[in-house]
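# Examining the three-dimensional arrangement
The primary structure of each chain is shown beneath.
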Amino acid sequence: MTQDPYVSLKQEMIEKCRLLEKIGYFIGTWGNVSVRIPEGFLVTPSRVQYAVIEPRDFVTVSLGGTRLAGHCWPSSETEIHRAVLNKKSDVGAIIHSHSPYATAVSCLHQSIPVFVEDMAQIIGGEVRCTRYIPAGQHKEIAAEVGNTIGEENAVLLANHGVLCCGRDLEEGLVASQILEKAALMMLAAGGAGKMFPIPEDLVKSERYRFLYKYGTAHDAP
Ligand SMILES: [Zn+2]
């Protein structure tokens, strides 16, 4: 039997899924993860509990939507991952979760502006919300997510949840946590008065600094 070249990547995906379940972003099997590979992408399977999932349960799907490998059905939300991976060539990993505060904002059908600099750096812009589309309409919701997400690394799915991306899984996780924090801040402070977003040009320059200078001599104090 040939060795699976993606075993360690799948192990990392399992660890992230278990962490997301532990911090309450995934409940049961509601939540899924994908990672881009040369053949297309790896995605978590449908209806397999993260407590018992194994690397062999993951599914390989092409960017055209063909199931290439795996004995399970891919996540029912695979089309959403595929739409974003096809649109955003810089994205290497995606986390779709139902984290509570971001999902709460998705029920308001509102965007989350960039209020703090970590959001400018990791997410790179205001996070918009899709129109409401029932979760069973897989192709329609994927098209809506693809149309709504821009250069920023996240999108709210109305009355449903959130999708965050990164160049790798770790960055996707951090984006998910930063967006959840931003949603919490918006809900907590929004009632106290007008909140002031960071101006657009400064959001862009912070994003640029994070991508190309952060942690190098160019960003030394
Ligand atoms: Zn979902």
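No experiment lies behind these values; they were computed from the predicted model shown. (Residues numbered from 1 in each chain as written. Predicted model: local features only at pLDDT ≥ 70, side-chain atom pairs only at ≥ 80, totals over all residues.)

### Observations concerning the overall build of the protein
Counting secondary structure elements, the protein contains seven helices and seven strands. Its helices and strands taken in sequence order, the protein reads α-β-β-β-β-α-β-α-α-α-β-β-α-α from the N to the C terminus. Relative to the globule expectation of 17 Å for 221 residues, the C-alpha radius of gyration of the protein, 17 Å, shows essentially globular dimensions. Taken along its principal axes, the extent of the C-alpha atoms in the protein is 60 × 45 × 30 Å. Expressed as a percentage of its 221 residues, the buried residues of the protein come to 39%. Within the protein, contacts between residues at least 6 apart in sequence are counted, and of these 64% link residues at least 24 apart. (Helix = DSSP H or I, 4+ residues; strand = E, 2+ residues; numbered from the N terminus. Rg over C-alpha atoms; globule rule 2.2 N^0.38 Å. Buried ≥ 20, exposed ≤ 12 C-beta atoms within 10 Å, placed from the backbone. Contact = placed C-beta atoms within 7 Å.)

### Looking at helix α5 (residues 138-148)
For α5, every residue scored as buried is listed here: I141, A142, E144 and V145. In a view along the axis of α5, the buried residues occupy a sector of 165 degrees, so they form one face of it. Here the buried face of α5 lies against α2 (78-87), β6 (154-157) and β7 (161-166). (Arc of directions from axis to C-beta.)

### Brief notes about the environment of T29
Mapped onto the elements, T29 comes out in the loop between α1 (7-22) and β1 (32-37). Residue classification places T29 among the partly exposed positions, given that 18 C-beta atoms sit within 10 Å. Here the alpha-carbon distance between T29 and F210, two residues 181 residues apart in the chain, equals 33 Å. Residues within four places of T29 in sequence aside, it is in contact with R47, V48 and Q49.

### Overview of the nonpolar core
Counting residues in each nonpolar core, the largest one holds 54 residues, and the members touching the most others are V84, I94, V145, A154, L156, L163 and L179. Setting aside its immediate chain neighbours within four residues, A154 contacts I123, V127, V162, L163, C164, A175 and L179. (Core = buried A, V, L, I, M, F, W, Y, C linked by C-beta atoms within 7 Å.)

### So, helix α7 (residues 200-212)
Taking 1.5 Å of rise per residue, the 13 residues of α7 would be expected to cover 18 Å, and the 18 Å separating its terminal C-alpha atoms lies within 8% of that figure. Elements that come into contact with the buried residues of α7 comprise α4 (117-122). (Expected span 1.5 Å × (residues − 1).)

### Points about the packing of helix α3 (residues 100-108) against helix α6 (residues 169-189)
Here α3 crosses α6 at 60 degrees, and the two axes come no closer than 7 Å. Judged by the angle between their axes, α3 and α6 are oblique. The hand of the α3/α6 crossing is left-handed. Where α3 approaches α6, its residues Y101, A102, A104 and V105 are matched on the opposing element by L179, E180, A183, L184, M186 and L187. Looking at the contact of α3 with α6, its residues break down into nine nonpolar, no polar and one charged. (Axes fitted to C-alpha atoms, helices over the stretch in contact; angles between N-to-C directions. Parallel < 35°, antiparallel > 145°, perpendicular 65-115°, else oblique. Left-handed = near helix turned anticlockwise from the far one by under 90°. Nonpolar A, V, L, I, M, F, W, Y, C, P; charged D, E, K, R; others polar.)

### Side note on the pairing of β6
Residue alternation in β6 divides its side chains into two sets, A154 and L156 and V155 and L157, and both sets are buried. With four bridges connecting them, β6 and β7 associate as antiparallel partners. Bridge assignment links V155 to a residue of β7, and that residue is L163. Remark: three residues form the turn of the hairpin made by β6 and β7, two consecutive strands paired antiparallel; N159 in that turn has positive phi of roughly 55 degrees. (Pairing = 2+ DSSP bridges.)

### Here we look at the sheet that holds β6
A sheet is described by the order of its strands in space; here seven strands give the open sequence β4-β3-β2-β1-β5-β7-β6, paired in antiparallel fashion. Two strands in the sheet have a free side with no partner beyond their single neighbour: β4 (67-69) and β6. On average, adjacent strands in this sheet sit at an angle of 25 degrees to one another, irrespective of strand direction.

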